[in-house]
Amino acid sequence: MADLPVLSEEDFDDRAMSTGPVENGVRSKPLELGDPTVIVDDVFITYRVQGNGGAKTSVPGVATAQALRRRLTGKGGAGPGIQYVKAVRGVSFVAHKGEAIGLLGRNGSGKSTILKGIAGLLPPTKGRVYTSAQPALLSVGGALVSTLTGERNIRLGALALGMSPEEADLRVEEIAEFAGIGRFISMPMTTYSSGMKARLRFAIAASVTHDILLIDEALATGDADFKARSSQRIRELRDHAGTVFLVSHSTGVVRETCQRAIWMEQGKIVMDGDAETVIKEYEKDMNSHLGRQAGAAG
């Protein structure tokens with residue numbers, strides 16, 4: 001994980017005043033909230049990925065050897081099949097204590113990428129990310145030990161979050177109840193559905209208060225009761241002077257849990273502001289897009 005710069009209070013204030021919410025390309029004055037916790041300053045993130053193109057060889061091992069040699073020596077340019085994806089392009093915003101911010105956008109819009117950039121998992125190609133504390137990233141792909149039981153995973157997760165062994169033992173039942181895993185708590189994770197795993201990850205991560213919590217699609221699974229509990233927990237985290245980022249395809253979840261939303265498309269911010277206002281414009285654009293698709297199909 002890359003080390004994120006931590007600014008002094010004075011530096012945060014200076015940068016916060018120059019990086020406010022954006023609506024249709026116009027930057028407005030930052031919201032009157034708590035102190036800034038995250039500053040994303042003109043960030044670009046570019047992936048280098050292996051594509052399907054390029055010449056192929058039938059000689060066993062030759063293609064693998066060539067690819068390995070390029071990786072080790074850095075020679076040969078991008079090489080056949082290498083593609084560069086500009087996932088985030090010139091994104092800037094400031095997050096404050098007490099904010100819950102929803103990130104909206106179609107698949108490939110860059111919302112999950114910028115979340116990983118804030119977490120320090122993807123260093124910017126250009127620009128900087130500044131944080132007042134180390135962010136905690138909760139994603140559907142978060143690590144759980146599949147061969148261990150749910151109970152054991154809860155204990156390990158609680159210890160990793162800084163709880164004492166005694167406190168971790170006391171919190172096992174509470175966390176399991178929040179996740180709604182029932183009798184599966186004594187079974188290995190290999191027996192869990194993807195939804196059960198996602199609920200357990202959220203329950204573990206949300207069991208402590210984070211200065212900066214990043215949630216990537218972790219609320220996409222679960223019944224209405226779990227989503228209601230999760231939404232309430234996000235509000236509690238926000239109210240305890242934390243900052244919460246939530247990536248979701250569900251405008252309903254963002255509407256219920258966030259007071260601010262950032263809409264991204266093609267790696268850029270389209271709109272940043274009051275959640276209800278942004279969601280209405282986003283839904284209007286989505287409905288228009290679906291209408292055009294239906295018209296083309298007809």
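- Taken from UniProt, the Sequence similarities (unreviewed entry) comment for the protein reads in full: "Belongs to the ABC transporter superfamily."

### Examining the pattern of salt bridges
For step 1, the next point in the chain: Going through the model one piece at a time under the given rule, you end up with 13 salt bridges.
For step 2, the next point in the chain: Close ionic contact of Glu 265 with Arg 106 constitutes a salt bridge, the shortest N to O distance being 3.0 Å. With Glu 265 in strand β10 (residues 260-265) and Arg 106 in the loop between β5 (100-104) and α3 (111-119), the pair connects residues that are 159 residues apart, well separated along the chain.
For step 3, the next point in the chain: For the salt bridge of Arg 260 with Asp 272, the shortest nitrogen-to-oxygen distance reads 2.8 Å. One end of the pair, Arg 260, is in strand β10; the other, Asp 272, is in strand β11 (residues 268-274), and 12 residues separate them in sequence.
For step 4, the next point in the chain: You can call Asp 272 buried: its relative accessible area is 4%.
For step 5, the next point in the chain: Put simply, Glu 99, Arg 260 and Asp 272 are held in one network by salt bridges that share partners.

### Overview of α3
For step 1, the next point in the chain: Within α3, 7 of the 9 residues are buried, which leaves the element mostly enclosed by the surrounding structure.
For step 2, the next point in the chain: Within the span of α3, buried status applies to Lys 111, Thr 113, Ile 114, Leu 115, Gly 117, Ile 118 and Ala 119.
For step 3, the next point in the chain: Positive phi shows up at Gly 120, right after α3, with a value of about 90°.

### Quick word on the packing of aromatic side chains
For step 1, the next point in the chain: Following the criterion strictly, the structure yields 6 aromatic pairs and no others.
For step 2, the next point in the chain: Here the aromatic rings of Phe 93 and Phe 245 are separated by 6.0 Å at their centres, their planes lie at 50°, and the arrangement is tilted. Linking Phe 93 in strand β4 (residues 82-96) with Phe 245 in strand β9 (residues 243-247), this pair joins segments that are 152 residues apart in sequence.
For step 3, the next point in the chain: On the basis of relative accessible area, Phe 93 is assigned to the buried category, the value being 0%.
For step 4, the next point in the chain: Ring centres 5.9 Å apart and planes at 80° place the aromatic pair Phe 184 and Tyr 192 in the edge-to-face group.
For step 5, the next point in the chain: Clustering of aromatic rings is evident, with ring pairs tying together Phe 178, Phe 202 and Phe 226.

### Regarding the packing of helix α5 (residues 165-179) against helix α7 (residues 224-239)
For step 1, the next point in the chain: Put simply, α5 and α7 touch, their axes get as near as 9 Å, and they point 125° apart. Regarding the angle of α5 to α7, the classification is oblique. The residues of α7 that touch α5, namely those facing Glu 177, Phe 178 and Ala 179, are Phe 226, Arg 229, Ser 230 and Arg 233.
For step 2, the next point in the chain: For the contact of α5 with α7, a count of residues per class yields 3 nonpolar, 1 polar and 3 charged.

### Considering a nonpolar patch on the surface
For step 1, the next point in the chain: A cluster of nonpolar residues, Val 145, Leu 156 and Leu 159, forms a patch on the protein surface that exposes about 210 Å² of accessible area.
For step 2, the next point in the chain: Note that Leu 156 resides in helix α4 (residues 150-160).

### Examining the sheet that holds strand β3 (residues 36-50)
The strands making up a sheet associate through hydrogen bonds between their backbones, and the pairing can be parallel or antiparallel.
For step 1, the next point in the chain: Read from one edge to the other, the open sheet built from 3 strands follows the order β4-β3-β6, with strand pairing classed as antiparallel. Among the strands making up the open sheet, the edge pair consists of β4 and β6 (126-131). Looking at each pair of strands side by side, their axes are set apart by 25° on average, direction ignored.
For step 2, the next point in the chain: As judged from the 5 bridges shared by β3 and β6, these two strands associate in the antiparallel manner. In the strand pairing of β6, Val 38 is matched with Thr 131.
For step 3, the next point in the chain: Strand contacts of α3: β3, β4 and β6, with the helix running at about 115° to β3, the strand carrying the most contacts.

### Some details on the nonpolar core
Burial of nonpolar side chains together is a common tendency in soluble globular proteins.
For step 1, the next point in the chain: By size, the foremost hydrophobic cluster in this structure holds 23 residues, and its most contacted members are Phe 202, Ile 215 and Ile 234.
For step 2, the next point in the chain: A total of 4 residues in this core trace back to one element, the largest contributor, which is helix α9 (residues 275-297).
For step 3, the next point in the chain: Of the domains in this structure, domain 1 (35-49 + 81-135 + 210-297) and domain 2 (144-209) are the two that each give at least three residues to this core.
For step 4, the next point in the chain: The next biggest cluster of nonpolar side chains, apart from the first, holds 22 residues, and it includes Val 40, Ile 45, Leu 103 and Ile 262.

Cut-offs applied
- Residues numbered from 1 in each chain as written.
- Predicted model: local features only at pLDDT ≥ 70, side-chain atom pairs only at ≥ 80, totals over all residues.
- Heavy atoms only, no water.
- UniProt positions renumbered as here; feature names shortened; annotations may be inferred.
- Salt bridge = Lys/Arg side-chain N within 4 Å of Asp/Glu carboxyl O.
- Helix = DSSP H or I, 4+ residues; strand = E, 2+ residues; numbered from the N terminus.
- Buried < 20%, exposed > 50% of the residue type's maximum accessible area, 1.4 Å probe, protein only.
- Phe/Tyr/Trp six-rings, centres within 6.5 Å; stacked < 30°, edge-to-face > 60°.
- Axes fitted to C-alpha atoms, helices over the stretch in contact; angles between N-to-C directions.
- Parallel < 35°, antiparallel > 145°, perpendicular 65-115°, else oblique.
- Contact = heavy atoms within 4.5 Å.
- Nonpolar A, V, L, I, M, F, W, Y, C, P; charged D, E, K, R; others polar.
- Patch = residues over 30% accessible without salt bridge, like charges linked within 9 Å, V, L, I, M, F, W, Y side chains within 5 Å.
- Areas by Shrake-Rupley, 256 points an atom, 1.4 Å probe, with all protein chains shown as cover.
- Pairing = 2+ DSSP bridges.
- Core = buried A, V, L, I, M, F, W, Y, C linked by side-chain atoms within 4.5 Å.
- Domains from an automatic or database assignment.

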